[in-house]
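# Understanding the architecture of this molecule
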Amino acid sequence: MVRWLCPVFQGRDRMRWRVSLGLALIAAFLSTIPATADDLTFPYDSELIMDVTPMRGSKRIPNMDVAANGAIAMEMWCNRIEGQFVVAADTVTVLTGQATQRDCPPDRAQGDERLLAALTQVTNWRRRGDLLELIGPQTLRFRLPTN
């Protein structure tokens, strides 16, 4: 096949050409594989915004600040909690403190209860670019702001 493509190459030149062609094909293949360095790092020292639409009658969306040491401060649908992420490889444990007791409509209070229950049952995490998934019986999705 190489003889047909470039008949002037002989001996060592032909071998070098084959090696160069092989390396070029490998480089072209590797360039199609997406980089996953970000996917392996937990987003410490970041703000995360829950990937949901606001509840009816509100513009509020749950969000949390994650400190470099894993401490979290989370604004839920109505109340606020503080806690801690404990991360080891792809596993995570979420420890939470007591939620504030703000006056809020029943639907938002129930939303807080469901969110807190789901958060405390998280066992694993996965990151895909600016999306963080906290995985448990219910997967919670959070986005890193891109602005």
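Source: prediction; values computed, not measured. (Residues numbered from 1 in each chain as written. Predicted model: local features only at pLDDT ≥ 70, side-chain atom pairs only at ≥ 80, totals over all residues. Heavy atoms only, no water.)

### Considerations on the side chain of Glu133
Among the secondary structure elements, Glu133 is positioned in strand 7 (residues 131-135). Classification of Glu133 as buried rests on a relative accessible area of 5%. Within the structure, Glu133 has its side chain in polar contact with the side chain of Arg126 (distance 2.6 Å). A polar contact of 3.2 Å, which involves the side chain of Glu133, links it to the side chain of Arg141. (Helix = DSSP H or I, 4+ residues; strand = E, 2+ residues; numbered from the N terminus. Buried < 20%, exposed > 50% of the residue type's maximum accessible area, 1.4 Å probe, protein only. Polar contact = N/O pair within 3.5 Å; in protein donor to acceptor, adjacent residues only side chain to side chain.)

### Details of the environment of Val122
Here Val122 lies in the loop between helix 3 (106-120) and strand 6 (124-128). Taking the C-alpha atoms as reference points, Val122 and Ile135, separated by 13 residues in sequence, lie 5.3 Å from one another.

### Side note on the packing of aromatic side chains
A full pass over the atoms with the stated rule returns three aromatic pairs. A centroid spacing of 5.0 Å and a plane angle of 55° characterise the contact between Phe42 and Tyr44, whose relative ring orientation is tilted. Centroid distance Phe42 to Trp125: 5.2 Å. Interplanar angle 90°. Geometry classified as edge-to-face. Placement of the pair is Phe42 in the loop between helix 2 (11-30) and strand 1 (46-50) and Trp125 in strand 6, with a sequence separation of 83 residues. For Trp125, a relative accessible area of 8% corresponds to the buried category. Every member of this aromatic cluster is reached through a ring pair, and the members are Phe42, Tyr44, Phe85 and Trp125. (Phe/Tyr/Trp six-rings, centres within 6.5 Å; stacked < 30°, edge-to-face > 60°.)

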